[in-house]
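Examining the three-dimensional arrangement
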Amino acid sequence: MNRIGYTILYICLGLVALFQIFPIIWLFLFSLKDNREIFSGSPFALPTELKWENYAKVWEGGIGVYFFNSVWITGLAIVLTVLLASMATFAITRMNWKLSGFVLGLFMVGLMIPIHSALIPLFSMFLNVNLIDHPLSIVITYTAYNLPITMMILLGFYYTLPREIEEAAIIDGSSIHRLFFQIILPMTTPIMSTTVIINMIYNWNEFVFVNTFISSDKYKTLTVGIQNFIGQYMTDWGAIGATLIISVLPILLAFIFFSNKVVEGISSSAVKG
Amino acid sequence: MNKVMSNKLMIALYVLPALLLIAILIFIPLILTGYYGLMDWNGIGNMEFIGLENYINGLQDPKFWESAYHSFLLALFSTLSLVVYLAISLILASKIKGADFLRKIYLIPMLLSSVAIAQLWIKVYNPNNGILNSILMKLGVENPPAWLAEPSIVLYAIFIPILWQYAGFYILIYYAALKNIPESLIEAAKIDGATPLQIAYKIKLPLIMGVIKVTIVLAIVGSLKYFDLIYVMTGGGPNGASEVMASYMYKLAFSTNDFGYGSAIGFLLLVITLIVTVIIRKLTASDDELQY
C-alpha cells in the first residue's frame, strides 16, 4: 500500500484512540480545577493552578472509607474465588469420578445467567439470615458469581499438566493435600495471576449487589459510595472529578503495570456474556 | 495412584465448597425467581399464591414491552457496531506499527466501572458545561440539546457510552483472532494477485467466522441484560424513555416493593435471554465451519 493510504489509516486509528481516551483526560483535567475555571475557561485548557485539594477534600469527606471497603472486599473475594475455583478445577480435571463432566457442566451453565434474574431471591435469602447490610453477603456473592469464569480460565491450564507429576508424588507417598497445595497450585501461578486480575476488575467495579444488599455508609464500596457522594457535591465539578479519578485509579495502575495480563484475562473472559 | 486420585471423600472436599456456593447463590435463586413470580408479595409480609397473574400482567404490561423494545434496540446497535470494530481490527492487524499500543488504549474504558463511566458521561452531556455541548457551541451550533433530558434522544445518548465502554473489548478479540491466521495463507493469496480488500473479505473474515459468531452472541445477550450504566445515568428516565428490562425489574422490586411482579419480570428476562441465546446459536451455526 502507498504512503498516503497508510497515513489515512493511521489518522483513522488515531481518531478512534482519541475518542476512547479523551473523556478520561478531560475528567482528569477538571478534577484539578475549581468551578470558576471549569465553567469559564476552555474545557481543553490545562489547569492554571493544580487544585490537589479537591482530592484531599473528597478523601476525608468519606471516599477514604469506601476505598478501604473496596480494597478488602475485593481482596477477600479474590482469595476465596481463586482458591475454591482451583480446588474444584483440580478435582474435576485431575481426579477420577463419574460425575465430573456433569458437575463441570453445572459450573459452565453459571456463565450464562443474567444476575438480575437471581437478585430478588438473593435479597430475601440474605434478609432471612441477617446478612442484609453485612459485607459478608457481598463477599460470598462475588465469590459464587465469579467461580464459573475463573474455572473457565483455569481449565485449559489444568488439562495440560502432565500426569507424571501426580504419579511421582503419589508414589512418594504424598497426600492429596500436599500434592495440590505444594505441587499443583504453585505450578499454576501464571494462570492464577490472570484470574486474580480479572476477578479484581469485576469485583472492584461491581455495583448491583452492593447497591441492593448494603445500606450503611460504613460498608459501602466505591461504586455505590461515589453514587451517593456525588449527590452531595452536585455542583462541585472538581470534587466529582477527583472522586471518579480515585475510584478508577487502582485498576488503571494495574493496567499500566500488568497490561499483558489484563489483556490476556479480558480475552479469555470473552465467554462471559 | 488410582486409589488416591479416586478417593470419594477427597473429591467431595475439593468440589463441594464451590459447588454449594453456586447451587445456593445462583441456581436456587433462579428457581425461586420463577416461584416468587407466582406470588403476591411485598418482600417482607406473607406471600399469597396468585397463579400466573403476574406473568400474564407482565406480558400485557406496555411498560415492560417498551423496556424490552429498548433492550432489543441496544442489542441491535451493539451488533451493528461490531462491523466497525471488525474494520478497525482488520486495519490494526495489517502490520500497523504501534498496533499493540493502540489496542491497549482502546481497551481503557472497559476497565472503568459502569458507575464511573455513567458519572463521567453525565458530565460529558451536561447541557451548559459538558464537553460535547462546549464543542458544538464552538462549532457554531446554537442551543445544542440537553441530551439526557430529551425523551426522544436520551436512549441513543446512552448507547454512545455503552458502545464506548465495550469497543476495545471486541477489537481486542477480533485482533487476537486475526493475528492467529497463518501468515502463509495471506502470502499465498498475495502471490495469486489478491487485493487487500479481497484478502480481508475472502480469506480473513471466513477464517474468523467462529469468533465473530461468539461476539454476536455476547453483544446481544450482554445488551438484553444491560443495567448498571443506564440505572446510574438516567434511572430509566425521563418518564421511562430509557428504561430497559433489567432496570424495570429492579425498579418494581426495590423501589415499589412489588417483589412478586418484579420476580415475574426477572424470570421473563431470564427466559428471553436464554431463548435468544439458543436462537442465535442455531441461526449462526453452520456445519462447514472453517478450521485453521
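Residues numbered from 1 in each chain as written. Chains lettered and ligands numbered in written order. Predicted model: local features only at pLDDT ≥ 70, side-chain atom pairs only at ≥ 80, totals over all residues.

Per an unreviewed UniProt entry, chain B goes by Raffinose/stachyose/melibiose transport system permease protein and derives from Sediminibacillus halophilus. The UniProt entry for chain B carries this comment under Subcellular location (unreviewed entry): "Cell membrane". The UniProt entry for chain B carries the following text under Sequence similarities (unreviewed entry): "Belongs to the binding-protein-dependent transport system permease family." (UniProt positions renumbered as here; feature names shortened; annotations may be inferred.)

Per an unreviewed UniProt entry, chain A goes by Raffinose/stachyose/melibiose transport system permease protein and derives from Sediminibacillus halophilus. One UniProt comment on chain A, placed under Sequence similarities (unreviewed entry), says "Belongs to the binding-protein-dependent transport system permease family." What UniProt records for chain A under Subcellular location (unreviewed entry) is the sentence "Cell membrane".

1. Side note on the UniProt feature "domain: ABC transmembrane type-1" (unreviewed entry) in chain B
Here the UniProt-annotated "domain: ABC transmembrane type-1" (unreviewed entry) positions come out as residues 68–280 of chain B. The annotated region residues 68–280 of chain B carries 74% helix and 0% strand content, and the separation between its end C-alpha atoms amounts to 17 Å. (Helix = DSSP H or I, 4+ residues; strand = E, 2+ residues; numbered from the N terminus.)

2. Digging into the packing of helix α3 (residues 53–94) of chain A against helix α6 (residues 135–160) of chain A
Residue and element names in this part refer to chain A. The interhelical angle for the contact between α3 and α6, taken along N-to-C directions, is 40°, at an axis separation of 7 Å. Taken together, the axes of α3 and α6 are oblique relative to one another. Here α3 and α6 pass one another in a crossing that is right-handed. Taken together, the residues of the contact of α3 with α6 sort by class into 19 nonpolar, 7 polar and 1 charged. (Axes fitted to C-alpha atoms, helices over the stretch in contact; angles between N-to-C directions. Parallel < 35°, antiparallel > 145°, perpendicular 65-115°, else oblique. Left-handed = near helix turned anticlockwise from the far one by under 90°. Nonpolar A, V, L, I, M, F, W, Y, C, P; charged D, E, K, R; others polar.)

3. Focus: the UniProt feature "transmembrane region" (unreviewed entry) in chain B
The positions UniProt marks with the feature "transmembrane region" (unreviewed entry) are residues 12–38, 72–93, 105–122, 153–177, 207–227 and 259–280 of chain B. Taken as a whole, residues 105–122 of chain B contains 89% helix and 0% strand, while its terminal C-alpha atoms sit 22 Å from one another.

4. Describing the interface of chain B and chain A
On the chain A side, the residues contacting the 77 residues of chain B number 73 residues. Ranked by the residues each element gives to the side of chain B that touches chain A, the list is headed by helix α2 (residues 8–36) of chain B, at 16 residues. Here the side of chain B that touches chain A is built from residues that sort into 57 nonpolar, 17 polar and 3 charged. (Contact = placed C-beta atoms within 7 Å.)

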